[in-house]
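Structural description and commentary
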Amino acid sequence: MTTMNRQDLQQKLQGLSLTPLIALKHPIFQAKKIHVYLKRDDLNHPLIQGNKLHKLRLNLDEALRQHKDTLITFGGAYSNHIAATAAAGNAFGFKTIGYVRGDELALQKHRWSPTLKKAQSLGMKFIFLTRQAYRTKHSQAFLSEVNKIYPNGYLLPEGGTNDLAMAGFQFLIRDLEQQCPQWTHLYTAVGTGGSMSGMVRHCKHPDRQEIRGVSVLKQTDEILHNIQQWTKPHHNWTLLSNAHAGGYAKSNEALKKCQAWFETEFGVVLDSVYTAKMIWGFMQDLANRNLPEGSHVILYHSGGLQGRPTR
Ligand SMILES: *Cc1c(COP(=O)(O)O)cnc(C)c1O
């Protein structure tokens, strides 16, 4: 059993303060006659950052409801979801197990990413899988094996997207409706598309509000399919696929320039894998006149800075 009960969890989560929504002023935005805001969810928790906190919060509650004491999940060596799960276990009294892709890492700790080192320091235990075994991780056979080994384990899929993860975005939408009820467009970075789908599901005014997801991956067929399934019957969303810069964790000069410009201009740090691409996607929309005059645009800072060296 964990040391926490559901009430404690609710109280702790409610105790996290409302993150700021900042108005971003710039002549470029003024010239296009649009209002731009940045939702600073990178500030919601030092370790369970940004969208990951929303994806986990109702899953943690469900794990407690089921009397589970261990969070089990899957990811690559640089997965923010692995980091967030480790931190959530540490903060809320769960043991954590991470199935990590790449068996060569098992005996080579010096090759661990900062993410893995951090997760281990927060108490996560790793099981390293060959790439071949990792591919079967969501199969029934594999999961029932995991279940036998850890009967008190609560399973979270790779990337952390499930129905409860999407439901967690009701809290973000509630905050945005309070902080900027006139918003018309919401930009967010897309990995699995779970966060974006959660925003679509909980959007209060689908007739005048649109969610624009910026894919950080090059291949979007599967993501697009998943988002379509997850958001049915809503259509007030778009997946932008022109800001991946070559694929996951890839970059190019234009993206780097955009990130540096934004960071200097507004004094906010972005991560190069997710939020920099979200900003770049938005700036391309702006340049291509894809935002009508009078729009109130919210850029969602989904965090992802825990792996970045502090400076
Ligand atoms: C994980 C992550 C995302 C992507 O979230 P999905 O729900 O998988 O689409 C976006 N931004 C940051 C900073 C992340 O860590």
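Just above, that's the structure.
These notes cover the structure that comes with them. (Residues numbered from 1 in each chain as written. Predicted model: local features only at pLDDT ≥ 70, side-chain atom pairs only at ≥ 80, totals over all residues. Heavy atoms only, no water.)

**A word on the side chain of Asp 175**
For Asp 175, the location among the structural elements is in helix H9 (residues 169–179). Of the residues examined, Asp 175 reaches a relative accessible area of 13% and is grouped as buried. A distance of 3.4 Å separates a polar atom in the side chain of Asp 175 from a polar atom in the side chain of Arg 174. Excluding residues that lie within four positions of it along the chain, Asp 175 makes contacts with Leu 18 and Lys 39. (Helix = DSSP H or I, 4+ residues; strand = E, 2+ residues; numbered from the N terminus. Buried < 20%, exposed > 50% of the residue type's maximum accessible area, 1.4 Å probe, protein only. Polar contact = N/O pair within 3.5 Å; in protein donor to acceptor, adjacent residues only side chain to side chain. Contact = heavy atoms within 4.5 Å.)

**Quick notes on the pattern of salt bridges**
Throughout the structure, instances matching the rule amount to twelve salt bridges. Ionic pairing is found between Arg 6 and Asp 61, a salt bridge with its closest N-O pair at 2.9 Å. Of this pair, Arg 6 sits in helix H1 (residues 6–15) while Asp 61 sits in helix H3 (residues 51–65), placing them 55 residues apart in sequence. For Arg 6, a relative accessible area of 37% puts it in the partly exposed group. (Salt bridge = Lys/Arg side-chain N within 4 Å of Asp/Glu carboxyl O.)

**What to know about the site of the ligand**
The full set close to the ligand counts 15 residues, and Lys 52, Lys 55, Thr 192, Ser 195 and Ser 302 are the nearest of them. Here a nitrogen atom of the ligand and a side-chain polar atom of Ser 302 are 2.7 Å apart. Burial of the ligand by the surrounding chains reaches 97%, relative to a free accessible area of 380 Å². For the shell around the ligand, the secondary-structure elements that each account for two or more residues are H3, strand S7 (185–190) and helix H10 (194–202). Element by element, the count of residues in the shell around the ligand is highest for H3, at three residues. (Near = heavy atom within 4 Å. Areas by Shrake-Rupley, 256 points an atom, 1.4 Å probe, with all protein chains shown as cover.)

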